[in-house]
Amino acid sequence: MLDSFLEFYNKIYFVDIIEFCGTFAFAISGVRLASAKSVDWFGAYVIGFVTATGGGTLRDLLLNTTPFWLLSSVYAWCTILALLAVILFRKQLVRLNSTFLWFDSIGLGLFVVVGTEKAISFGYPFWVVVILATITGTVGSIIRDIMINEIPAMFRQEWYALVCIFGVIIYYGLSALNVSEAFVQIITAASVFVIRLLATRYKLGLPTLKDES
Amino acid sequence: MLDSFLEFYNKIYFVDIIEFCGTFAFAISGVRLASAKSVDWFGAYVIGFVTATGGGTLRDLLLNTTPFWLLSSVYAWCTILALLAVILFRKQLVRLNSTFLWFDSIGLGLFVVVGTEKAISFGYPFWVVVILATITGTVGSIIRDIMINEIPAMFRQEWYALVCIFGVIIYYGLSALNVSEAFVQIITAASVFVIRLLATRYKLGLPTLKDES
Amino acid sequence: MLDSFLEFYNKIYFVDIIEFCGTFAFAISGVRLASAKSVDWFGAYVIGFVTATGGGTLRDLLLNTTPFWLLSSVYAWCTILALLAVILFRKQLVRLNSTFLWFDSIGLGLFVVVGTEKAISFGYPFWVVVILATITGTVGSIIRDIMINEIPAMFRQEWYALVCIFGVIIYYGLSALNVSEAFVQIITAASVFVIRLLATRYKLGLPTLKDES
């Protein structure tokens, strides 16, 4: 357990950058959505922070390890930056109607990579990695939606969680090839981002389980 | 802690069967309820999985141990089976108006037994066992109801959590007698199942705390 | 980790009294709010218990330690007392329109002190202490509001979480002076209580992030 933790920490430099960007992107999406409701600045900060850290926190609780954001203040600062960005560039962010989707998709791609690597570093098999990577990518936005009293986006016919699974499969596939780790990480994150945007654009969906009653 | 964990694992064979059946029953109830909302297949799978594993996960987090479903892929497969069963036998399940209640009650009975035994194996006193068994039995369905944006069934005048407490009392009572463990488990689960059905049929309820304002 | 835990336990006597009072105050606020919905006695008990212990439970899960209420049955009894108090003095509690706010504010003040001391005893830096104290004070009522299907009070323009941060700053400020621990604890809790009441009375709020769209 400790060994795999240390091994994880030795390669943290690049992962750190990915996690920072993912946190920033998710925090922006959270703050942006909170600002559509009449939530004050502080509430927007909390919702942004929970959106950004919720998935990783549940993953770390399940792994029985200390949540990642308690080990460094960078994530708390990152959300302050995201809040400032939304306050300063509010008009531009609103005008770009797709802002929310973009930042949400960037965050999703980066967090799937982080979740996959952390689960693998703890020695878990493929199917656990799939679940933990999906939790890392989706739980933050589920909690966000529950807090602002909406049915989580994940359940409203989007390929939200499904792209996380594709992401993990792509990660495993690329890792089997003889390529550098950075390459695997970047291509996986980019694939998740692109698949999600395409799925949303072409309204790809799974059949629903409708009641005939 | 480790000793009690190993002791728990030595007798896992029979408990495993109970847990599998409970997971299947709860997953069916979750998928069945999700299908009443316009949720896609994957969303239904996630809701089924959370309904089935949510209570045990919170219990294991509180016990500071690794969640049970990370140790074996059987629970993830079990939910796939439940999803297939709902898709294949949809019409029959809808026609049987009481399907939901039946599977929910079977799951409740089985999970109360699992929760009781795990809490006892960690050496906790009676009152902690009561709370952890109740959490094992009820939290999955509470999270399910919160995710689909309804007030949890537990708070709408059903004997939901109360039967869990009865179950633990029955378990302790039977354990004091000179009977086999399997007998204790089966009678406890059956009692919880029967009490819940009777409570629902005769609309047993506790007085509510109404405001006069 | 163990050392800091034992150090925490050596000074538990006074903290215990604070935690008991805070639990009682929060349980009253939870039961009182549940009684406005048509929730039965048992449901009211559960909501009261979750309101009282939810924040501390998440704090302890994040600290990777056993939740405080599993170590002593006093908190479960405390909630029974709160339930009886609400049942017996229902009319008086309703007549006093501000009951809810008062008990909520008392609980907030006391729990901020408990959360601050526990986080410090685990050796975390200032900014982690701020977050964990805020979680201890606010998460119980957030879960309560989610369970009864309302947008958490914290996001509706109250100084709910902000006063927790002030509380931690006051605690650190007083600790730097040469005064007794009990004095630090009492003044911190009282300050949080007073600031929250003043903020509510004068409708202090932060600007909201409104959409122009």
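Calculation notes
- In every chain, residue numbers begin from 1 and rise along the written sequence.
- Note on labels: chains are lettered from A, ligands numbered from 1, in written order.
- Given that this is a predicted model, residues contribute local features only at a pLDDT of at least 70 and side-chain atom pairs are listed and counted only at 80 or more, while totals for whole chains, interfaces and linings are drawn from all residues.
- Computation of side-chain values: all heavy atoms of the structure, hydrogens and water removed.
- The distinction between a cavity and a pocket rests on a 1 Å grid over the protein atoms alone: a 1.4 Å probe fits inside a cavity but cannot get out, while a pocket stays open yet meets protein on both sides within 12 Å along at least five of seven lines, and a residue with an atom within 4 Å of a point counts as lining.
- Grid points are joined across faces, edges and corners, and a volume is the space filled by probe spheres set on the points.
- Per the convention used, a helix needs a DSSP run of H or I reaching at least four residues, while a strand needs a run of E reaching at least two, with both numbered from the N terminus.
- All amino acids are sorted into three groups, where Ala, Val, Leu, Ile, Met, Phe, Trp, Tyr, Cys and Pro are nonpolar, Asp, Glu, Lys and Arg are charged, and the leftover types, Gly among them, are polar.
- Salt bridge, as applied in this entry: a Lys or Arg side-chain nitrogen positioned within 4 Å of an Asp or Glu carboxyl oxygen.
- Only protein chains enter the accessibility calculation, which uses a 1.4 Å probe. A residue is then buried if its area is under 20% of the maximum for its type, exposed if over 50%, and partly exposed in between.
- Contacts were defined at the residue level, with two residues in contact if any of their heavy atoms lie within 4.5 Å.
- Residues enter a nonpolar core if they are buried and are Ala, Val, Leu, Ile, Met, Phe, Trp, Tyr or Cys, with the set joined through side-chain atoms within 4.5 Å.
- Only Phe, Tyr and Trp rings are paired, with Trp represented by its six-membered ring, and only when their centres lie within 6.5 Å; those with planes under 30 degrees apart are stacked, over 60 edge-to-face, the remainder tilted.

Asker: Which parts of the structure should I look at to understand empty space enclosed by the protein?
Answerer: Unoccupied space between atoms shows up once a probe the size of one water molecule is rolled over them. Enumeration over the complete set of coordinates arrives at five cavities of 30 Å³ or more. Of the voids in this model, the largest cavity is the one considered here, and its volume is about 70 Å³. In this structure, the largest cavity is lined by Leu61, Asn64 and Thr65 of chain A, Asp60, Leu61, Asn64 and Thr65 of chain B together with Asp60, Leu61, Asn64 and Thr65 of chain C. Mapped onto the lining of the largest cavity, the elements with two or more residues apiece are helix 3 (41–62) of chain B together with helix 3 (41–62) of chain C. In terms of residue class, the lining of the largest cavity is made up of three nonpolar, six polar and two charged.

Asker: Looking at this structure, how should I read the pattern of salt bridges?
Answerer: Side chains bearing opposite charge may pair, as long as their charged atoms lie close to each other. In total, this model carries 15 salt bridges over all chains according to the counting rule given. One salt bridge connects Asp104 of chain B with Arg196 of chain B, and the closest N-O pair in it is separated by 3.0 Å. Taken together, the positions of Asp104 of chain B in helix 6 (residues 99–121) and Arg196 of chain B in helix 9 (residues 181–201) put the pair 92 residues apart, joining distant regions of the chain. Pair check on accessibility: Asp104 of chain B and Arg196 of chain B agree, each one buried. Each of the salt bridges in this network shares a partner with another, and the network as a whole consists of Asp104, Arg144, Asp145 and Arg196 of chain A.

Asker: Any chance you could explain the environment of Gly30 of chain B here in plain terms?
Answerer: All names here are of chain B. As for its placement among the helices and strands, Gly30 is situated in helix 2 (residues 12–34). Considered as a pair, Gly30 and Phe49 are 19 residues apart in the sequence and their alpha carbons are 7.7 Å apart. Here Gly30 is in contact with Ile47, Gly48, Thr51 and Arg144, once residues within four sequence places are set aside.

Asker: Explain the nonpolar core here, please?
Answerer: The tendency in soluble globular proteins is for nonpolar side chains to be buried side by side. Trp69 of chain A, Trp69 of chain B together with Trp69 of chain C are the most contacted members of the largest nonpolar core, which totals 162 residues. Among all residues touching Trp69 of chain C, those that are not within four sequence positions of it are Leu62, Trp127, Ile131 and Ile135 of chain B together with Phe49, Thr53, Thr57 and Tyr75 of chain C.

Asker: What is the right way to read the packing of aromatic side chains from this model?
Answerer: How two aromatic rings sit relative to each other is set out by the distance from centre to centre and by the angle between their planes. Residues and elements named next belong to chain A. This structure, assessed with the given rule, holds 18 aromatic pairs over all chains. Here the aromatic rings of Tyr45 and Phe49 are separated by 6.3 Å at their centres, their planes lie at 10°, and the arrangement is stacked. In this pair, Tyr45 and Phe49 both sit in helix 3 (residues 41–62), four residues apart, roughly one turn of the helix. With respect to burial, Tyr45 and Phe49 carry one shared label: buried. Taken together, the aromatic side chains of Tyr45, Phe49 and Trp69 make up a single cluster linked through ring pairs.

Function-wise, these values are silent; they only describe arrangement.
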